[in-house]
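# Tertiary structure, described
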Amino acid sequence: MEKKELITKESYDELLNKLANLTEELANTNSKLTSTNKELVEANLEIARLKELLKLRQMEMFARKAEQKEYLQLSLFDETELLNAQYKLEQDEPKEIIVGEHKRVIKKASNFINEIDESLFKKEINHMTIDKEGYRDINSDEIVKTLKYVPEQYIIQETHIHIYETIKNGERTLVRADNTLKNPLGKTAISSELLSHVIYNKVVNSLPLYRQEKEFQLKNVPLTRQYLSNVIIKSFDLIKPVVDEIKNYIVNSEITRSDETPLTVIKGIKNNSKERQNYFIWAFSTGHGYNPATYYAVGDRSRDTLVSNLGTNKRYLISDGYDSYLNVPNITNIICMVHVRRKFTDVIKSLGNKNTQNLAVNKYIDMISEMYKVDHNITNKYSDYETIKEKRLEELKPIMDSFFESIDNDIDIALPRSLFGKALSFAKNMKYYLYNIFLDGRLELDNNESERKIKSIVIGRKNWMFSFTENGAIVTCAYYSLLKTAIENNINPEDYLIYLFNEFGSKNNLNPIDYLPWSKNIQLMFSKKSSN
């Protein structure tokens with residue numbers, strides 16, 4: 001018989017300990033595996049999020065800048081481009097002709113000269129005649145019109161102020177003749193016309209002074225950028241009262257738009273290194289119901305800059321929703337719907353060429369487009385702001401209610417750190433401010449108008465890049481304020497600036513309110529409409 005091996009108490013306890021240790025190791029391994037799986041899931045989500053961001057940045061850098069839009073969306077977000085396109089189609093109707101078996105489309109060139117308002121230009125009339133016997137003029141002229149360009153002319157104006165001798169009280173006295181051609185800019189050697197042209201080129205044409213200096217040199221005029229800069233800054237005091245009144249008008253308005261863009265200011269050169277400081281240029285402008293006015297200011301991006309320029313008056317402020325605009329006393333914020341829409345379109349951009357037709361994000365883009373369609377129809381149909389307010393509550397508000405109901409349903413499902421999740425969160429955070437559009441019919445669904453005003457600074461900054469001093473930046477903003485407001489009020493900005501230099505440089509005790517671009521006298525003198 002086989003003899004069975006007996007298990008002693010000691011060996012039994014040892015086996016129990018080994019089993020307990022193995023069980024504990026297995027539990028630890030399972031715990032680590034669970035943790036590793038969780039980390040793996042989080043890592044995959046982070047990789048997906050980073051891929052979204054990478055694709056979005058690639059689209060921003062290399063893809064077409066303009067979004068593909070339907071007719072409606074184009075009319076809402078790129079109205080100027082749409083109008084230009086419609087105008088071109090009306091002017092250049094394509095004509096189809098058949099040549100053999102081929103078809104060609106020939107566009108008729110538009111004769112723009114027939115659309116020119118001739119009352120705004122100097123006219124030169126020439127008559128081609130036949131001065132021979134036997135020819136009788138039948139008064140049926142064939143008229144040919146050509147737009148002619150006369151290159152810039154620089155004239156040296158030399159004024160001789162004569163000195164006279166006379167006898168007064170029995171004594172010989174020298175008398176100096178009055179200088180009726182005194183330069184309103186003071187002792188500077190350039191006229192108000194030339195200075196206005198330089199400022200116009202910088203502000204309206206975004207032509208920096210160093211490039212204007214090269215143009216002058218090509219025409220044998222030794223004007224330097226330093227000299228021009230000094231004269232521009234010194235002459236600023238002449239137009240400052242009018243710029244201040246433009247600012248006051250905006251400050252006292254109930255509807256204000258605002259946007260801002262960075263600007264680098266070089267404070268000076270120390271130890272062969274340039275000391276730079278980052279500023280922001282703010283664009284404040286009036287909304288519907290007021291004369292068009294824009295004021296550009298320099299400062300940081302803090303709430304203090306906003307309050308120091310707009311004061312503490314009660315107002316509606318249309319902006320992009322940056323933190324500096326929010327929670328300011330006496331300010332009711334209206335946040336730009338385009339910025340909300342942009343968060344959703346970023347989701348589409350991040351997917352590149354993938355099929356995005358069935359994505360949930362399209363629902364929100366479509367609802368925003370529908371909001372714009374309804375609001376566009378209301379504001380085009382009605383001019384009374386109270387009626388616009390009522391119609392928005394009836395027709396626009398239900399769409400916005402549905403928009404945010406959908407967000408409430410989807411926000412808990414979407415990944416918080418994904419672009420879609422961030423778009424939903426941003427829209428939900430802006431909900432209170434978006435609904436403020438229903439408080440007043442003068443308010444707007446977006447801040448596009450303000451972004452167009454700041455765009456001129458952005459384009460100019462690409463050329464002149466920075467300001468050497470803070471004072472230089474302030475003066476630049478003042479001239480931008482003056483000329484851009486002039487353009488908005490349909491008056492010739494260069495002629496208007498010449499007039500201001502001449503008036504404030506030669507007369508005293510003038511009321512700057514009478515010289516605002518929308519004032520009756522200024523409109524009569526410089527408005528394109530009044531000259532027709």
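What comes next concerns the included structure.

A separate point is the nonpolar core. Counting 62 residues, the largest nonpolar core has I199, I239, L306, Y479, L482, Y496 and F501 as its most contacted members. Ranked by the residues each element gives to this core, the list is headed by helix 6 (residues 225-251), at 10 residues. When residues no more than four places from it in sequence are discounted, the contact partners of F501 are P184, L185, S192, L195, S196, I199, S235, L238, I239 and Y479. Counting 43 residues, the second largest nonpolar core, distinct from the first, contains I318, I334, M367 and I399.

Let us now look at unusual backbone geometry. Backbone geometry at N327 places phi at a positive 60 degrees, although glycine is not the residue there. Structurally, N327 can be placed in the loop between strand 8 (315-319) and strand 9 (331-335).

Here the focus is helix 6. Given a rise of 1.5 Å per residue, 27 residues ought to cover 39 Å, yet the end C-alpha atoms of helix 6 are separated by just 34 Å, more than 12% below that figure. I239 marks the point of greatest bend in helix 6, at about 55 degrees, and the proline P241 comes within the next four residues. Among the residues of helix 6, those classed as buried are L228, V231, I232, S235, F236, L238, I239, V242, V243, I246, I250 and V251.

Among the surface-exposed residues, V41, L45 and L415 lie close enough to one another that they form a single nonpolar patch of about 250 Å² accessible area. When you line up the elements, V41 lands in helix 1 (residues 9-62). Note on V41: relative accessible area 48%, which makes it partly exposed.

Here the focus is the pairing of strand 3 (residues 163-168). Sheet topology places strand 3 next to strand 4 (residues 171-176); 6 bridges connect them, and they run antiparallel. By the bridge assignment for strand 4, I163 is matched with R176.

The periodicity of an α-helix, 3.6 residues per turn, causes residues three or four positions apart to be oriented the same way. Buried residues of helix 7 (residues 303-310): T305, L306, N309 and L310, and no others. Considered in projection along helix 7, the buried side chains sweep an arc of 105 degrees and stay on one side of the axis. Exposed residues pointing more than 90 degrees away from the buried face of helix 7 are listed as D304 and S308. At the exit of helix 7 stands G311, carrying a positive phi of roughly 75 degrees.

Further remarks concern the packing of helix 4 (residues 192-203) against helix 5 (residues 209-218). At a closest axis distance of 10 Å, the pairing of helix 4 and helix 5 adopts a crossing angle of 130 degrees. As judged from the angle between their axes, helix 4 and helix 5 are oblique. Crossing hand, helix 4 versus helix 5: right-handed. Judged by residue contacts, L194, V198, N201 and K202 of helix 4 engage L209, Q212 and F216 from helix 5. The class makeup of the residues in the contact of helix 4 with helix 5 is 4 nonpolar, 2 polar and 1 charged.

Before going further, it helps to examine the pattern of salt bridges. This structure, assessed with the given rule, holds 17 salt bridges. For the salt bridge of K453 with E449, the shortest nitrogen-to-oxygen distance reads 3.9 Å. Within this pair, K453 and its partner E449 are both found in helix 13 (residues 448-464), separated by 4 residues, close to a single helical turn. With a relative accessible area of 10%, K453 lands in the buried category. Assessed through its relative accessible area of 29%, E449 is described here as partly exposed. Among the ionic contacts, a cluster of salt bridges with common partners joins E449, R452, K453 and E488.

Turning our eyes to something else, we now look at the environment of N114. Turning to its location among the elements, N114 is positioned in the loop between strand 2 (102-107) and strand 3. Overall, N114 belongs to the exposed group, its relative accessible area being 56%.

Any two aromatic rings considered together are summarised by their centre-to-centre distance and by the angle between their planes. Overall, the coordinates contain 18 aromatic pairs when judged by the stated rule. Centre to centre, the rings of Y154 and F216 are 5.9 Å apart; their planes meet at 65 degrees, and the pair counts as edge-to-face. Of this pair, Y154 sits in the loop between strand 2 and strand 3 while F216 is found in helix 5, placing the two residues 62 residues apart along the sequence. Taking NZ or CZ as reference, R301 lies 3.6 Å from the ring centre of Y322, over its face. Its guanidinium or amino end placed over the ring of F426, K343 lies 5.0 Å from that ring's centre, counting from NZ or CZ.

One can find S253 in the loop between helix 6 and strand 5 (255-270). Distance from S253 to T286, taken between C-alpha atoms, is 6.8 Å for residues 33 residues apart in sequence.

Rules used throughout
Every chain is numbered on its own, with residues counted from 1 as its sequence reads. Per-residue local features are limited, in this predicted model, to residues with pLDDT of at least 70; the limit for side-chain atom pairs, both in listing and counting, is 80 or more; totals at the level of whole chains, interfaces and linings are taken over all residues. The side-chain numbers reported here are obtained from all heavy atoms of the structure, hydrogens and water having been left aside. The nonpolar core is taken to be a set of buried Ala, Val, Leu, Ile, Met, Phe, Trp, Tyr and Cys residues, with the residues joined through side-chain atoms within 4.5 Å. Note on exposure labels: buried denotes an accessible area under 20% of the residue type's maximum, exposed denotes more than 50%, and partly exposed covers the range between, all computed with a 1.4 Å probe on protein chains only. By the criteria applied, helices consist of DSSP H or I runs no shorter than four residues and strands consist of E runs no shorter than two, each listed in order from the N terminus. Working rule for contacts: check all heavy atoms of both residues, and any pair within 4.5 Å makes them a contact. Multiplying one less than the number of residues by 1.5 Å gives the expected span of a helix. We define the bend at any residue as the angle between the axes fitted to the seven residues before and including it, ending there, and the seven starting there. A patch consists of residues exposed above 30% relative accessible area that lack any salt bridge, with like charges linked at up to 9 Å and nonpolar side chains (Val, Leu, Ile, Met, Phe, Trp, Tyr) linked at up to 5 Å. Using a 1.4 Å probe, the Shrake-Rupley method yields the accessible areas, and only the shown protein chains count as cover for residues. Salt-bridge detection follows one rule: a side-chain nitrogen of Lys or Arg within 4 Å of a carboxyl oxygen of Asp or Glu. Here, a strand pair is defined by DSSP locating no fewer than two bridges between the strands. By construction, the arc corresponds to the directions joining the helix axis to the C-beta atoms. Lines fitted to C-alpha atoms define the axes, with helix axes restricted to the stretch in contact, and inter-axis angles between N-to-C directions lie between 0 and 180 degrees. The cut-offs work like this: below 35 degrees is roughly parallel, past 145 is roughly antiparallel, 65 to 115 is roughly perpendicular, and the gaps in between are oblique. If you view the pair so one helix is near and one far, a crossing is left-handed when the near helix is turned anticlockwise from the far one by less than a right angle, and right-handed when it is turned clockwise. Residue classes follow a fixed rule: Ala, Val, Leu, Ile, Met, Phe, Trp, Tyr, Cys and Pro count as nonpolar, while Asp, Glu, Lys and Arg count as charged, and any other residue, Gly among them, counts as polar. Only the six-membered ring of Trp is used, alongside the rings of Phe and Tyr, when aromatic pairs are assigned; centres must lie within 6.5 Å, and planes under 30 degrees apart are stacked while those over 60 apart are edge-to-face, with the rest tilted. Charge-over-ring contacts are defined here by two conditions on Lys NZ or Arg CZ: a distance within 6 Å of the ring centre and an angle within 35 degrees of the ring normal.

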